[in-house]
Amino acid sequence: MTAPKPLPPGSTIGILGSGQLGRMLATAASRLGLKTHIYCDSSGPAFDVAAARTVGAFTDLERVAAFAETVDVVTYEFENVPKATVEAAERIRPVRPGVRALDFSQDRLVEKQFISSIGVPVAPFAPVDDEAGLAAAASVLGFPSILKTRRLGYDGKGQVRLTCGGDCTGALGRIGHAPAILEGFVAFQFEVSVLVVRGLGGETRFYDVPLNTHRDGILHTSAVPAPIPTRAKARALEIASHVAQKLDFVGVLAVEMFYLGEGAAEPVVVNEIAPRVHNSGHWTLDACLVSQFENHIRAVAGWPLGPTERHSDAIMTNLIGADVDNWQKLAATPKLALHLYGKNEARPGRKMGHVTTLAPKSASS
Ligand code: AMP
């Protein structure tokens, strides 16, 4: 079978979701002479930079189909797009990455089962549906452990840390009695992620591996290069490539991992996957010739992938909530790239923008 032809400049990429990721995807598309049409249930940062926008419910499948008619290919910027929405779009136009990637990233239990089924290590886990299930899971996994909702958890939301048996009381109530999993606590040295891009023909490229730090469960910084030994890094890339291939993925896939140390039998363990561009790859906008956003667009449009090497070391820091009030000072800071997402209200915990600082490239990646 011959690969489909790349979409020529002037074509339109449809994006489901209007957050900052959609905004940066749309901006990257415009650099290649491609247009974007955003579909979302409310206006958002991506609306400001797109050629066309539709406000519609994700459950309004006729509207979704009408949107798909106006574009050449569809992608999504968040993993909680309802499956039926993607299927409705897919009946009209190709959706990349497809629905399969959503199957494995919307539900933590299904995700962990899939990842371990392909031979990739994850934190020990057990499903939890009720108090008895929590007690049973805790007796196997012990403490400390983390109770997480299976669905719709992000940035540390929908999670409760359990340090002893007494913490189990009321823990399910704190996550709204939603179906959950219990995860054994991984004693990691630090957290990393792999941003892998896979083209329409299966070509796979990686960005360098950032070290990620969190505050209150939200990504705070991503810094490249991470101090991860060569063997562990090679394993991390191999894992990401394996996951992408098993999902028959097209576009950028983020695989978040824990680094356990050189002495560990498995130096890296997967935390979760995101079938999309990712916050821990925002540094690629400033430290690479072609960013994660452009490479995602290239992949979904069937273009050749762009270079992923970093030309500089980089530290990306998120601007969360009121951090953005500092914008004038940040804008005046030498050697700092300021990215603001155009959100009106700086609510606590809300990602308002990010800044990146560069330094001459150290070790080769
Ligand atoms: P998540 O939303 O699952 O990515 O979790 C948010 C953060 O909680 C992660 O980035 C880790 O810092 C921490 N975390 C999550 N799961 C575990 C685990 N099983 N063991 C240790 N830390 C964890």
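Values in this document were obtained by computation on a predicted structure and should not be read as measured data. (Residues numbered from 1 in each chain as written. Predicted model: local features only at pLDDT ≥ 70, side-chain atom pairs only at ≥ 80, totals over all residues. Heavy atoms only, no water.)

Peer 1: Whenever I open this one, the packing of aromatic side chains confuses me. Can you help?
Peer 2: We describe a pair of aromatic rings using the distance from one ring centre to the other and the angle between the two ring planes. Scanning the entire structure with this criterion turns up 7 aromatic pairs. Centre to centre, the rings of Phe188 and Phe258 are 4.8 Å apart; their planes meet at 5°, and the pair counts as stacked. With Phe188 in the loop between β8 (180-184) and β9 (190-198) and Phe258 in strand β13 (residues 251-259), this pair connects stretches of sequence that are 70 residues apart. Three or more aromatic residues joined by ring pairs make a cluster, and in this case those are Tyr39, Phe58, Phe67 and Phe78. (Phe/Tyr/Trp six-rings, centres within 6.5 Å; stacked < 30°, edge-to-face > 60°. Helix = DSSP H or I, 4+ residues; strand = E, 2+ residues; numbered from the N terminus.)

Peer 1: Honestly, the packing of helix α2 (residues 61-69) against helix α3 (residues 83-90) in this entry has me stumped. Any pointers?
Peer 2: When two helices pack together, their arrangement is given by the angle between their axes and by how far apart the axes lie. Interhelical geometry of α2 versus α3 gives an angle of 40° and a closest axis separation of 8 Å. If you check the angle between α2 and α3, you find them oblique. Note on packing geometry: the crossing formed by α2 with α3 is right-handed. Residues Leu61, Val64 and Ala68 of α2 touch α3, and the partners they reach there are Ala84, Thr85, Ala88 and Ala89. Considered class by class, the residues forming the contact of α2 with α3 number 6 nonpolar, 1 polar and no charged. (Axes fitted to C-alpha atoms, helices over the stretch in contact; angles between N-to-C directions. Parallel < 35°, antiparallel > 145°, perpendicular 65-115°, else oblique. Left-handed = near helix turned anticlockwise from the far one by under 90°. Contact = heavy atoms within 4.5 Å. Nonpolar A, V, L, I, M, F, W, Y, C, P; charged D, E, K, R; others polar.)

Peer 1: Teacher, can you tell me more about unusual backbone geometry here?
Peer 2: Trans peptide bonds make up the majority, and among non-glycine residues the majority have a negative phi. Here the bond from Arg96 into Pro97 is cis, since omega is -10°, no more than 30 degrees from zero. Look at the link from Phe143 to Pro144: it is a cis peptide, with omega at -5°. Tracing the chain through its elements places Pro144 in the loop between α6 (131-141) and β6 (145-149). You will see that Asp248, though not glycine, has its phi angle at about 50°, which is positive.

Peer 1: Before we go on, may I ask you to explain the domain arrangement of the chain in this structure?
Peer 2: As a measure of interface size, the accessible area lost when the parts come together is often cited. Assigned domains within the chain: domain 1 (12-95), domain 2 (124-184) and domain 3 (190-360). Between the C-alpha centres of domain 2 and domain 3 the distance comes to 28 Å. (Domains from an automatic or database assignment.)

Peer 1: Explain the environment of Pro45 here, please?
Peer 2: When you line up the elements, Pro45 lands in the loop between β2 (35-40) and β3 (52-55). Pro45 sits in the buried class, given a relative accessible area of 10%. Setting aside residues no more than four positions away along its own chain, Pro45 makes contact with Ser18, Gly19, Gln20, Arg23, Tyr341 and Lys343. (Buried < 20%, exposed > 50% of the residue type's maximum accessible area, 1.4 Å probe, protein only.)

Peer 1: I tried to follow the layout of surface pockets on my own but got confused; where do I start?
Peer 2: Over the atoms rolls a probe the size of a water molecule, and its path tells where empty space is left. Approximately 260 Å³ is the volume attributed to the second largest pocket. As for the second largest pocket, its lining consists of 15 residues, of which Met24, Thr27, Ala28, Leu285 and His339 are closest to the centre. For the lining of the second largest pocket, the secondary-structure elements that each account for two or more residues are α1 (20-31), α9 (284-287) and β16 (336-340). By residue number, the principal contributor to the lining of the second largest pocket is α1, which donates 5 residues. Residues that form the lining of the second largest pocket fall into these classes: 8 nonpolar, 4 polar and 3 charged. When residues of the lining of the second largest pocket are assigned to domains, at least three map to each of domain 1 (12-95) and domain 3 (190-360). (1 Å grid on protein atoms, 1.4 Å probe; cavity = no way out; pocket = protein on both sides within 12 Å on 5 of 7 lines; lining within 4 Å. Points joined across faces, edges and corners; volume = space filled by probe spheres on them.)

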